[in-house]
Amino acid sequence: MQIVFGLLFLLFFSACCLCVAACTRFDAALLPLPALCGSVVVLYLLSLLGLLQFGHFIIMAVWLAGGVYFGVRAGWRAIRQALFSPGFLLFVGGSCFLWVLFALQQPMFTQWDEFTAWGLAPINLTASFTYPATSLVSYLFQRVQGQFYEWQCLAGLDILFLACIAPAAAMPRKNWAGAVLVFAAGFLLPFFFSVVPAGTPSTMYANAMADTPLALLFGGTLCLYAAAGGRKTGFFACAMPLAVLTMTKDIGFAYALIVTFLIGL
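All values derive from a computational prediction rather than experimental measurement.

Calculation criteria
Residues numbered from 1 in each chain as written. Predicted model: local features only at pLDDT ≥ 70, side-chain atom pairs only at ≥ 80, totals over all residues. Heavy atoms only, no water. Core = buried A, V, L, I, M, F, W, Y, C linked by side-chain atoms within 4.5 Å. Buried < 20%, exposed > 50% of the residue type's maximum accessible area, 1.4 Å probe, protein only. Helix = DSSP H or I, 4+ residues; strand = E, 2+ residues; numbered from the N terminus. Contact = heavy atoms within 4.5 Å. Phe/Tyr/Trp six-rings, centres within 6.5 Å; stacked < 30°, edge-to-face > 60°. Expected span 1.5 Å × (residues − 1). pLDDT = per-residue confidence, 0-100. Patch = residues over 30% accessible without salt bridge, like charges linked within 9 Å, V, L, I, M, F, W, Y side chains within 5 Å. Areas by Shrake-Rupley, 256 points an atom, 1.4 Å probe, with all protein chains shown as cover. Salt bridge = Lys/Arg side-chain N within 4 Å of Asp/Glu carboxyl O.

## Thoughts on the nonpolar core
Nonpolar side chains in soluble globular proteins tend to be buried together.
Piece 1. Counting residues in hydrophobic clusters, the biggest one holds 75 residues, and the most contacted among them are Leu33, Leu36, Phe91, Phe141, Leu217 and Val244.
Piece 2. Considering every element that reaches this core, the biggest residue donor is helix α8 (residues 150–169), with 14 residues.
Piece 3. Those residues in contact with Leu33, other than ones at most four positions away along the chain, are Leu160, Ala163, Cys164, Pro167, Leu217, Gly220, Thr221, Leu224 and Pro241.

Here's what the structure looks like:
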């Protein structure tokens, strides 16, 4: 049932992004990254108020309200046109594939630091140096309340990776061949830069430590702004990914300033 619930969650999220894209005329591939990052920021703010356990319901209510509002304004024809975005369909297909793959393989953390720091879910463990971004991404994709599954944490982080890659795949516009090539190149990046001990091969697609999300959020935010064509709304869309980049690791704030400086140029 966790597979089914996770797939329904992904399809619901994707449908809401599609409706917003159809109304705003942005490429649908640009919406998953700011939407996921915005959800992480909302979870963070709710956690400060002691309302983290209600985070899923609040976020899904916001997604539903936004999807219905923008979908009605856009109309069925605009939604159908927005659907045929190569980058968006690659994101949806890749996310569903990773969810099913990880549900079947049940991968677990293989390094001690993954569980004590970056892989930590919001449960009663003490790791005061943990930055909240990866923990909250994990919490967003934990489909059984009150229980923590390592494979869902890893799947959630990998879906965030795909959301970072999707804006780059949107740059070739409607060119399917170019979009597939860019998306495949981004998908393979973690294989070359996985953080593993020297001389030890990586045993999974990507680990739960913060270094890989840090790098992909840095590049994904720049691609998001570039793919948006430099429009003012594209600049504001980068706010949520920059906030999550800041909360990913101690050096994240410096990287967020670099991205902001490059966008300003």
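## Focus on the packing of aromatic side chains
Piece 1. Following the criterion strictly, the structure yields 8 aromatic pairs and no others.
Piece 2. Taking the centre distance of 5.6 Å and the plane angle of 80 degrees together, the rings of Phe9 and Phe141 count as edge-to-face. Within this pair, whereas Phe9 is found in helix α1 (residues 2–24), its partner Phe141 is found in the loop between α7 (132–140) and α8, the two being separated by 132 residues in sequence. Taken individually, Phe9 and Phe141 each receive the classification buried, so the pair is uniform in this respect.
Piece 3. Among the aromatic residues, ring-to-ring pairing joins Phe9, Phe12, Phe13, Trp63, Phe91 and Phe141 into one connected group.

## Here's the deal with helix α10 (residues 211–227)
Two residues of an α-helix separated by three or four positions point the same way, owing to the 3.6 residues in each turn.
Piece 1. For α10, spanning 17 residues, the distance from its first C-alpha to its last is 24 Å, which sits close to the expected 24 Å at 1.5 Å a residue.
Piece 2. Among all positions of α10, only Thr212, Pro213, Leu214, Leu216, Leu217, Gly220, Thr221, Leu224 and Ala227 are buried.
Piece 3. Looking one or two residues beyond α10, the residue adopting positive phi is Gly229, at roughly 80 degrees.

## Overview of the confidence of the model for the protein chain
As a note on interpretation, predicted positions should not be read in detail where pLDDT is low.
Piece 1. With 85% of its residues at a pLDDT of 70 or more, the protein chain shows a mean pLDDT of 84.
Piece 2. Mean pLDDT per element in the protein chain: helix α6 (residues 112–118) is the minimum at 54, and helix α12 (residues 239–246) is the maximum at 94.

## Digging into a nonpolar patch on the surface
Piece 1. On the surface, Val42, Tyr44, Leu45, Leu48, Leu49, Leu51, Phe54, Phe57, Ile58 and Val62 cluster together into a nonpolar patch covering about 930 Å² of accessible area.
Piece 2. Of all the secondary structure elements, the ones that give two or more residues to the nonpolar patch are α2 (32–48) and α3 (55–74).
Piece 3. No other element matches the 4 residues that α2 contributes to the nonpolar patch.
Piece 4. Residue position: Val62 is located in helix α3.
Piece 5. Val62 sits in the exposed class, given a relative accessible area of 55%.

## Section: α7
Piece 1. In terms of burial, α7 is largely enclosed, as 8 of its 9 residues are buried.
Piece 2. Taken residue by residue, α7 has Ala133, Thr134, Ser135, Leu136, Val137, Ser138, Tyr139 and Leu140 as its buried positions.

## Quick notes on unusual backbone geometry
Piece 1. Of note, Arg25 is a non-glycine position whose phi angle comes to about 70 degrees, a positive value.
Piece 2. Residue placement: Arg25 occurs in the loop between α1 and α2.
Piece 3. If you check the backbone angles, Gln106 has positive phi at about 50 degrees while not being a glycine.
Piece 4. For Gln106, a relative accessible area of 42% gives the class partly exposed.

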